[in-house]
2 protein chains.
Amino acid sequence: MSLRGFTRRRLLGAAGAGTALVGAGVAGGYLAGSAAEPDPPAQAIVPFRGVHQAGIITPAQDRLHFVALDVTATGPILRQAVVALLKRWTTAAERMTAGAEAAPGGAVNRNPAAPPTDTGEALDLPAASLTLTFGVGGSLLDKLGIPRPAALADLPPFQRDQLDPALSGGDLCIQACADDPQVAVHAVRNLVRMGFGTTAVRWSQLGFGRTSSTSTTQQTHRNLFGFKDGTNNLKAEDTAALDEHVWAAPTDGAAWMAGGTYLVARRIRMHVETWDRTSLTEQESLTGRTKGTGAPMGATDEFAPVDLGSPLIADDAHIRLASASSLGGVRILRRGYNFVDGSDGAGHLDAGLFFLAFMRDPQRQFVPMQSALARHDRMMEYIEHTGSAVFACPAGLGDGAYWGQSLLEA
Amino acid sequence: MSLRGFTRRRLLGAAGAGTALVGAGVAGGYLAGSAAEPDPPAQAIVPFRGVHQAGIITPAQDRLHFVALDVTATGPILRQAVVALLKRWTTAAERMTAGAEAAPGGAVNRNPAAPPTDTGEALDLPAASLTLTFGVGGSLLDKLGIPRPAALADLPPFQRDQLDPALSGGDLCIQACADDPQVAVHAVRNLVRMGFGTTAVRWSQLGFGRTSSTSTTQQTHRNLFGFKDGTNNLKAEDTAALDEHVWAAPTDGAAWMAGGTYLVARRIRMHVETWDRTSLTEQESLTGRTKGTGAPMGATDEFAPVDLGSPLIADDAHIRLASASSLGGVRILRRGYNFVDGSDGAGHLDAGLFFLAFMRDPQRQFVPMQSALARHDRMMEYIEHTGSAVFACPAGLGDGAYWGQSLLEA
Ligand code: HEM
Ligand code: HEM
Ligand code: HEM
Ligand code: HEM
C-alpha cells in the first residue's frame, strides 16, 4: 500500500466512524489542547538487529509491557536450558518485531490437534514499531557462576526506599515497547509462554505516555504530576554523549558488554492525591521548571539552557539535584512510562512513573544521582520507590547471533 | 489546522522519527499482519450531549479507564452533596470531552498559591475521541431512599462465580473511553479528585483493544484468547435492534431511565496459560467459530450467518449458548476491553476480558445468558468471573442538564 493510500484510508475511516472532526485550536468554544505529535504509522517496523539493541535510543513508543523473569531450571542443565531458550526467544522476537506471528504456522497452525504456536491476539495487527529489548540480572550471572561486571553490583539501599521484593529483581528482563498495547502484550505473552519450564514471570509492568522522549524528533510528553518530562534528557541524536554516558566500552571491564548498556528500573508510586492539593508555586519550585511550557524557572522556552546560577531555581529543585553540573558530569538516558495500576483499595489511584534509564555504569551514574535525590529532593514527599532492578543489556545482534550469546559463549 | 496540514505533519513526523516505513504485506521476508483499521484522528471530538449518552454506541475507542465510586457523604446532606458533585462533574466532563482542561485556568491557573484546578498531564493532548459515560448503582438509590427499577435488582449468584467484593459494586460509575490512555486516565483522575469529600474510588480498571466492536464501520478486534470478538454484536447502525434490546422505554417502569440503558460490568480473568496449551480444534469447537477468520464453524466468511442447525457448531459452543435463538430472542450490546493487570505473583499473567454490556433489562437479558454460559459453556474452564457490577445509565443530556438530573429531580 502506498503512503498516499494509507493516508486516505485514515481520513475516510475517521469520517465514516461517525465522530466529529474539528481543526485543532478552538473547539466547541473551548481552547482545545494543541495537536499531539504525529505517531509513526502503525505499519512502521524497527529493525531488530544492529550495533545496539533496539528499544534504547529508538524514539520512545507510546506503550510498554515490561517483564522480569526468574530462571526456574536448576542444576547441570541450567546453562544449556538458558541457551536453548534464548535461541528460541531470539527467533520469535525477530519475527514479532517484523509484524509476524511468534512462529510459522502460528495462531491457526496446520495441525489443529496441537495448541497453536502463536496466541493469536495480534493476528490482524501490524508491527506498530514493536521493539524487544533483552537484559540479564546479576542473579543469573551468580547462578551461572559467571563473575558480575562491577557495573552490575546490586544497588545500595537509598533513603526512604519502600521496595517490595515481589516488584524487584529478576534473572532476565524483556522490555516490549510499541505504539499499540495489544502488540506489546502479545509479544511478552508469547515469549513468557515459550519460557515455561525454564523461566517464570517474577513481575511485570504496563505503561503508557512515554515519559521521557528519547529523540529530538519527539515532542516532550507529560508525567502524572502534569509536568513535561524528558526535556533535558540525553537524545538519540547526540551520539557523542551516548558514547560517553550510555554505551559500555570494551575497556569498561566486561568484554561481553561492549556496545551494551545497563538498565535501571524503578517503580515509583506517585501520591497524586497529595500532589494535586499542592500549590502551583510549590510544584514549580520543587521541580525547577514551569508547568505550562516546561521552561526552566525564569525562562519561557522549554529548551532554554538551565542557568543553575539563577536564584529562581531552588537549591533543592529536582533539576538542580539531578543535573550533570551538580553530579560531576554524570548523565543518564531516561526512558520511563506512566502507569496506573487501578486503585489501592483505600480510595487512591495506584499510579506513578515506571522509571527506566540506560547508562554505562549504574554505580557511578544512578547511585550518586538517586542518593542526592533521596536525601534532598522535595519531590520525595510525593513519591515512593516501590520496585527496583538492574539489568545488563548486551550490544545489538549481528546476523545469526542470539540474545546473550556474547555472555554465554564468552 | 486543515486536514491536509494534519496529514502532512503525520507523514513528515514519521519519516523524521527514524523508524523504517514499509508497505503492509511482506516485510523483511515475513508475512506481516494485515493493516489495522484506521483510527480516527487524535483531534476527533465526540459530542457530549445528545439523545443518548456518548460511549455506548460510539464506535468503541481503543482504551478504557473505568472507575466505580462509593458516596462517602452521609446523613441529611447526602442528596445535596451528590447533586452538587454531579453538576460540577458534568461541567468538567463536557469540557474534557472537548479537549479542554477540567476547569478554566486549569493546570497553570492564575493564582499560583492555589493548587491547579487541572492536574495537567493532558495539557498538550487533543480530545482523542474521549467519551465519559455515567451510571448509578442500586446501592446509591438505596442510600437516597429511591426505589430501584426492577432492572436494577442485584444480580443473582451464578455457578462458578469467584467474585471479589473489592472489585464489585459501587454507588456510581464513570466509563472513560478514548484513543489515548493518558486522556482517559486524566479524565477519571480529575473527576475523582473533584469528588473528594463526597465520593471515594471503590475500584477501577484499565483496558485496551476494544473487544467488542460496536459499529459496522469498525474491524473486529481480538480478545486475549486470540479470537475475533464482536462479530455478532449489536451494532450502532441497527437502530431498531437497539430500541428493542438496549434503550429503556418510558413504559419500562422507571420514567427517569427512559432513553437510558443498564450497564453490566464483569471482570473476567482468563487463564491464558491453560488456554495456550489447548489444541486449536478444542479452542474453535468450544467457541463455535474459527480462529483465523472468525467465521462460524463450517463457513469461511466472518460475517456469514450462523447456522445453529449445523452439527459443526457444538451443542455447548459459546456462540450457541449465548445466541438469541437459544435464549428466546435475548440480545445485548457488548463493549468490553482486554486487560493485563501485571502478573499474579505465581508466574501467571493477571489478564482477561473486562466485559461491559449495555441492555434494557439485565434481569431479562444478562441473567438468562450468563446462567446458560455458567452452566454449560466449556469456555468456563478457562475463565473466572472475579468482579461484577450493574449500573443504570440514564439518557443523554439536553442543554443545561446535568448527570443524574432525571433521577434526582424526578
Ligand atoms: C516520579 C519521579 C520523578 C519525576 C516526577 C521526575 C520529573 C522530572 C521532571 C519534570 C524533570 C524536568 C524535565 C526534564 O529535563 O526531563 C526531570 C528531570 C530530570 N530527572 Fe527526574 N523525575 C523523577 C524521578 C527521577 C529519578 C529517580 C531520577 C534519577 C535518579 C531522575 C533524574 C532526572 C534527571 C537526570 C533530569 C534532568 C536534569 C537536568 O536538567 O539536567 N528523575 N525529572
Ligand atoms: C501518606 C499517607 C496518605 C496521604 C498523604 C493521603 C492523602 C490523601 C489526600 C490528599 C486525599 C484527598 C483528601 C480530600 O480531598 O479530602 C486522600 C483521599 C483519601 N484517602 Fe488518603 N492519604 C494517605 C493515606 C491514606 C490511608 C492509609 C487511607 C486508608 C486506609 C486513606 C484513605 C483515603 C480515602 C478513602 C480518600 C478519599 C475519600 C475522602 O476524601 O474521604 N488515605 N488521601
Ligand atoms: C472471557 C470471556 C468471554 C470470551 C473470551 C468471549 C468470546 C466470544 C467470542 C469469541 C464470540 C464470537 C464472536 C462474536 O460474535 O462476538 C462471542 C460471542 C458472544 N458472546 Fe462471548 N465471550 C466471553 C464472555 C461472554 C459473556 C460473559 C457473555 C454474556 C453473558 C457473552 C455473550 C456473548 C454473545 C451474546 C455473543 C454473540 C453470540 C451470537 O453469535 O449470537 N460472552 N464471545
Ligand atoms: C487452576 C489452577 C492452575 C492452572 C490451570 C495453572 C496452569 C498453568 C499452566 C498451564 C502453566 C504452564 C506450565 C508449563 O508450560 O510448564 C502454568 C505455569 C505456572 N504456574 Fe500455574 N496453574 C494453576 C495454578 C497455579 C498455582 C496455584 C501456582 C503457584 C502458587 C502456579 C504457579 C505456576 C508457575 C510458577 C508457572 C510457570 C513456571 C513453570 O512452568 O514452572 N500455578 N500454570
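Analysis parameters
- Residues numbered from 1 in each chain as written.
- Chains lettered and ligands numbered in written order.
- Predicted model: local features only at pLDDT ≥ 70, side-chain atom pairs only at ≥ 80, totals over all residues.
- Heavy atoms only, no water.
- UniProt positions renumbered as here; feature names shortened; annotations may be inferred.
- Helix = DSSP H or I, 4+ residues; strand = E, 2+ residues; numbered from the N terminus.
- Rg over C-alpha atoms; globule rule 2.2 N^0.38 Å.
- Buried < 20%, exposed > 50% of the residue type's maximum accessible area, 1.4 Å probe, protein only.
- Contact = heavy atoms within 4.5 Å.
- Areas by Shrake-Rupley, 256 points an atom, 1.4 Å probe, with all protein chains shown as cover.
- Lys, Arg positive; Asp, Glu negative; His and termini not counted.
- Charge placed at Lys NZ, Arg CZ, Asp CG, Glu CD.
- Donors = N, O, S within 2.8 Å, 3.2 Å for Na, K, Ca; no water.
- Near = heavy atom within 4 Å.
- Polar contact = N/O pair within 3.5 Å; in protein donor to acceptor, adjacent residues only side chain to side chain.
- Nonpolar A, V, L, I, M, F, W, Y, C, P; charged D, E, K, R; others polar.
- Axes fitted to C-alpha atoms, helices over the stretch in contact; angles between N-to-C directions.
- Parallel < 35°, antiparallel > 145°, perpendicular 65-115°, else oblique.
- Left-handed = near helix turned anticlockwise from the far one by under 90°.
- Salt bridge = Lys/Arg side-chain N within 4 Å of Asp/Glu carboxyl O.
- Disulfide = S-S within 2.5 Å.
- Pairing = 2+ DSSP bridges.
- pLDDT = per-residue confidence, 0-100.

Labelled according to an unreviewed UniProt entry, chain A appears under the name Deferrochelatase, originating from Actinomycetospora corticicola. Per its UniProt entry, chain A bears the Catalytic activity (unreviewed entry) comment "heme b + 2 H(+) = protoporphyrin IX + Fe(2+)". Listed under Subcellular location (unreviewed entry) in UniProt, the entry text for chain A is "Cell envelope".

Asker: How do you make sense of the overall build of chain A when you look at a structure like this?
Answerer: Counting its secondary structure elements, chain A contains 10 helices and 13 strands. The C-alpha radius of gyration of chain A comes to 22 Å, within 12% of the 22 Å expected for a compact globule of 410 residues. For chain A, the spread of C-alpha atoms along the three principal axes comes to 65 × 60 × 45 Å. Looking at chain A as a whole, 64% of its 410 residues qualify as buried. Contacts spanning at least 24 positions in sequence make up 77% of the contacts within chain A whose residues lie at least 6 apart. Split by element, the accessible area of chain A, about 14500 Å² in all, is 55% carbon and sulfur. Taken together, the 35 basic and 40 acidic charged side chains of chain A have centroids lying 4 Å from each other.

Asker: I keep staring at the coordination of the iron atom of ligand 1 and nothing clicks. Help me out?
Answerer: Each angle at a metal carrying four tetrahedral donors should ideally be 109.5 degrees, and each at a metal carrying six octahedral donors should ideally be 90 or 180 degrees. Counting protein donors to the iron atom of ligand 1 gives just one, A:His318 (NE2), placed at 2.0 Å. Tracing the backbone through its elements, the reader meets A:His318 in helix H8 (residues 318–321).

Asker: Where do I start with the site of ligand 2 in this structure?
Answerer: The immediate surroundings of ligand 2 are formed by A:Glu273, A:Thr274, A:Arg277, A:Ala346, A:His348, B:Phe196, B:Gly197, B:Thr199 and B:Ala200. Neighbouring residues of ligand 2 are not confined to one chain but are distributed across chains A and B. Between ligand 2 and A:Arg277, the relevant distance is 2.7 Å, taken from an oxygen atom to a side-chain nitrogen or oxygen of the residue. Between an oxygen atom of ligand 2 and a main-chain N or O atom of B:Gly197, the distance comes to 3.4 Å. The set of elements that each furnish at least two residues to the shell around ligand 2 consists of helix H6 (272–275) of chain A together with strand E6 (199–208) of chain B. By residue class, the composition of the shell around ligand 2 is three nonpolar, four polar and two charged.

Asker: Would you explain unusual backbone geometry in this entry?
Answerer: The bulk of non-glycine residues show a negative phi, and the bulk of peptide bonds are trans. All names here are of chain A. Notably, Ala128 is not glycine yet its phi reads approximately 50°, a positive angle. Inspection of the secondary structure assignment puts Ala128 in the loop between helix H2 (78–97) and strand E4 (131–137). On the basis of relative accessible area, Ala128 is assigned to the buried category, the value being 4%.

Asker: What am I meant to see in the packing of H2(A) against helix H4 (residues 181–195) of chain A here?
Answerer: Two packed helices can be described by the angle between their axes and the distance between those axes. Residue and element names in this part refer to chain A. The geometry of H2 relative to H4 is characterised by a closest axis approach of 10 Å and an angle of 160° between their N-to-C directions. For the element pair H2 / H4, the angle class is roughly antiparallel. As for how H2 packs across H4, the hand of that crossing is right-handed. Listed contacts from H4 to Leu85, Arg88, Trp89, Ala92, Ala93 and Met96 of H2 are His186, Ala187, Asn190, Leu191, Met194 and Gly195.

Asker: What is the right way to read the pattern of salt bridges from this model?
Answerer: Between side chains of opposite charge, a pair can form as their charged atoms come close. All names here are of chain B. On inspection of all chains with the given rule, the structure shows 40 salt bridges over all chains. As a salt-bridge pair, Asp344 and Arg269 come within 3.1 Å of each other at their nearest N and O atoms. Remark: Arg269 occurs in strand E9 (residues 261–270) and Asp344 occurs in the loop between strand E11 (337–343) and strand E12 (349–359); sequence separation between them is 75 residues.

Asker: Help me understand helix H7 (residues 280–287) of chain A in this model?
Answerer: Side chains that are three or four residues apart share a direction in an α-helix, a result of its 3.6 residues per turn. Residue and element names in this part refer to chain A. Within the sequence span of H7, burial applies to Leu280, Gln283, Glu284, Leu286 and Thr287. Where H7 is buried, its residues touch H6 and H8. The first or second residue beyond H7 is Gly288, which carries a positive phi of 95°.

Asker: What exactly am I supposed to notice about helix H9 (residues 366–376) of chain A here?
Answerer: All names here are of chain A. Most of H9 sits inside the fold, with eight of its 11 residues counted as buried. Turning to H9, its buried residues number three or more, namely Phe366, Val367, Met369, Gln370, Ser371, Ala372, Leu373 and Ala374. Check the buried side of H9 and you find it contacts strand E9 (261–270), H8, strand E12 (349–359) and strand E13 (383–393).

Asker: Just checking my understanding: could you explain the state of the cysteines for this structure?
Answerer: Working definition: the covalent bond between the sulfur atoms of two cysteines is a disulfide. All names here are of chain A. Taken as a whole, this structure holds zero disulfides over all chains when the rule is applied. Of the cysteine sulfurs around Cys173, a residue in no disulfide, the closest is that of Cys393, at 5.2 Å. In this structure Cys177 is not part of a disulfide, and its nearest cysteine sulfur, from Cys173, lies 11 Å away.

Asker: Would you take a moment to explain the side chain of B:Ser310 for this structure?
Answerer: Among the secondary structure elements, B:Ser310 is positioned in the loop between helix H7 (280–287) and helix H8 (318–321). Side-chain polar atoms of B:Ser310 contact the backbone nitrogen of B:Leu312, separated by 3.0 Å.

Asker: Quick question: what am I supposed to make of the site of ligand 1 here?
Answerer: All names here are of chain A. Neighbouring residues of ligand 1: 26 residues in total, closest Gly230, Thr231, Asn232, His318 and Arg334. For ligand 1, an oxygen atom lies 2.8 Å from a polar atom in the backbone of Asn232. Here an oxygen atom of ligand 1 sits 2.9 Å away from a polar atom, N or O, in the side chain of Arg334. Of all the secondary-structure elements, those providing two or more residues to the shell around ligand 1 are strand E8 (228–229), E9, H8, E12, H9 and E13. Per-element accounting of the shell around ligand 1 gives the leading share, four residues, to H9.

Asker: Looking at this structure, how should I read the side chain of B:Arg222?
Answerer: With respect to the helices, strands and loops of the structure, B:Arg222 is situated in strand E7 (residues 221–222). Here B:Gly292 takes part through its backbone oxygen, which lies 2.7 Å from a polar atom of the side chain of B:Arg222. Every residue in contact with B:Arg222, bar those within four places of it in the chain, is listed here: A:Gly120, A:Glu121, A:Leu123, A:Asp124, A:Gln182, B:Thr211, B:Phe227, B:Lys228, B:Lys291, B:Gly292 and B:Asn338.

Asker: Looking at this structure, I do not really get the environment of A:Met194. What am I missing?
Answerer: All names here are of chain A. Mapped onto the secondary structure, Met194 falls in helix H4. A sequence separation of 92 residues divides Met194 from Ala102, and the C-alpha atoms of the two residues are 9.6 Å apart. Contact partners of Met194, with chain neighbours within four places excluded, come to Leu85, Arg88, Trp89 and Ala92.

Asker: Please explain the pairing of E4(A) as it appears in this structure.
Answerer: Side-chain direction in a regular strand flips from residue to residue, so the side chains alternate between the two faces of the sheet. All names here are of chain A. Within E4, seven of the seven residues are buried, which leaves the element mostly enclosed by the surrounding structure. Burial along E4 is two-sided: the face carrying Thr131, Thr133, Gly135 and Gly137 and the face carrying Leu132, Phe134 and Val136 are both buried. Direction of pairing for E4 relative to strand E5 (residues 172–178): antiparallel, over a ladder of six bridges. Its bridge partner lying in E5, Val136 is registered against Leu172.

Asker: Is there a simple way to explain the UniProt feature "domain: Dyp-type peroxidase N-terminal" (unreviewed entry) in chain A in this structure?
Answerer: Here the UniProt feature "domain: Dyp-type peroxidase N-terminal" (unreviewed entry) sits at residues 53–208 of chain A. Taken end to end, residues 53–208 of chain A is 27% helix and 21% strand, and its two terminal C-alpha atoms sit 21 Å from one another.

Asker: How do you make sense of the pairing of E12(B) when you look at a structure like this?
Answerer: Residue and element names in this part refer to chain B. The buried fraction of E12 amounts to 11 of the 11 residues, a majority that puts the element mostly inside the structure. Looking at chain direction, E9 and E12 are connected through eight bridges and run antiparallel. Note that in E12 the partner of Val264 across the bridge is Ala357. Direction of pairing for strand E10 (residues 333–334) relative to E12: antiparallel, over a ladder of two bridges. Counted as the bridge partner of Arg334 is Ala357 from E12. Bridge analysis of E11 against E12 gives five bridges, and the strand direction is antiparallel. Residue pairing in the sheet places Ser343 in a bridge with Leu349 of E12. Between E11 and the antiparallel strand that follows it, E12, lie five residues; Gly345 among them carries a positive phi value of about 85°.

Asker: Explanation requested: the UniProt feature "domain: Dyp-type peroxidase C-terminal" (unreviewed entry) in chain A in the structure shown.
Answerer: Residues given the UniProt feature "domain: Dyp-type peroxidase C-terminal" (unreviewed entry) here are residues 220–396 of chain A. Counting secondary structure, residues 220–396 of chain A comes out at 19% helix and 25% strand; the distance between its end C-alpha atoms is 27 Å.

Asker: Is there a simple way to explain the confidence of the model for chain A in this structure?
Answerer: When pLDDT is low, close inspection of the predicted coordinates is not appropriate. Residue and element names in this part refer to chain A. For chain A, the average pLDDT comes to 88, and 90% of its residues sit at 70 or higher. Scored below 50 in pLDDT, residues 1–36 shows 76 contacts in the model against residues more than four places distant or in partner chains. On the interface metric, ipTM, the complex scores 0.84, and its pTM is 0.87.

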